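# Topology and contacts: notes
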Amino acid sequence: NALSGWFKVEVSRDGKVYHMAFAQGKTTAKLTVIGNSRSTGTLITFKPVAEIFTLTTEFKFELLANRLRELSFLNPGVEIVLTDEREENKSERFFYKEGIVEFVKQLARNKDSLHAKPIVLFSNRDEVLVECVLQYTGSYSDQVLCFANSIPNPDGGTHATGFRTALTRAINQHAKSNGLLKDKDPALTGDDVREGL
């Protein structure tokens with residue numbers, strides 16, 4: 001909103017359509033009911049400010065599609081539709097009922113999966129929701145993607161470090177308690193347990 005020359009929002013909920021408008025971050029039209037609706041959803045329309053986006057204000061469909069696909073995976077059950085009105089019939093719909101599980105399946109689709117179903121870990125404590133989905137493949141490298149508040153964290157962070165440490169510890173404990181590793185055997189390293197993840 002603050003980066004837009006103009007910004008309009010329409011929200012359909014509770015049988016009504018609500019509208020509000022802004023220009024350069026300031027309200028130009030207060031929240032009003034502009035109609036009725038049987039559906040729910042949000043429509044955002046805006047124009048970026050060229051003085052802020054000095055390189056370009058032209059939208060790249062594929063870049064937006066990749067980000068919206070990612071958001072759809074991270075928010076299961078939410079439908080996102082991207083339409084490029086610069087070209088006829090250029091639209092893409094994103095909807096993933098299983099969310100991150102489908103994301104992991106898609107990442108592993110061209111690889112030999114070592115187990116058919118991804119492992120899902122989910123916890124919600126003190127209004128902090130954590131979801132972790134794992135699948136091992138026959139690949140030698142690992143691919144760990146982290147997000148916080150639906151924002152990608154390509155450099156990791158404390159949540160990524162904690163995950164890696166916990167995964168290594170859990171697999172080592174399991175291997176020792178089930179006789180897969182003897183007391184004299186060295187512990188598995190983080191690289192060992194993440195191979196193919």
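Just so it is clear, the model here is predicted, and its values are computed rather than measured.

### Brief notes about the pairing of strand β2 (residues 16-23)
Each regular strand shows side chains that alternate between the opposite faces of the sheet. Bridging between strand β1 (residues 4-13) and β2 involves 7 bridges; their strand directions are antiparallel. Its bridge partner being in β2, Arg13 is matched across the sheet by Lys16. Counted along the chain from β1 to the antiparallel partner β2, the turn is 2 residues long, and its residue Asp14 has a positive phi close to 50 degrees. As paired strands, β2 and strand β3 (residues 26-36) are joined by 7 bridges and run antiparallel to one another. Bridge pairing in β3 links Ala21 to Ala29. As consecutive antiparallel partners, β2 and β3 are separated by 2 residues, and within that stretch Gln24 has a phi angle of approximately 50 degrees, a positive value.

### Quick look at the state of the cysteines
Per the counting criterion, the structure on display carries 0 disulfides. With no disulfide of its own, Cys132 has Cys146 as its nearest cysteine by sulfur position, at a separation of 8.6 Å. Residue class for Cys146 comes out buried when judged on its relative accessible area of 11%.

Calculation rules
- Residues numbered from 1 in each chain as written.
- Predicted model: local features only at pLDDT ≥ 70, side-chain atom pairs only at ≥ 80, totals over all residues.
- Heavy atoms only, no water.
- Pairing = 2+ DSSP bridges.
- Helix = DSSP H or I, 4+ residues; strand = E, 2+ residues; numbered from the N terminus.
- Disulfide = S-S within 2.5 Å.
- Buried < 20%, exposed > 50% of the residue type's maximum accessible area, 1.4 Å probe, protein only.

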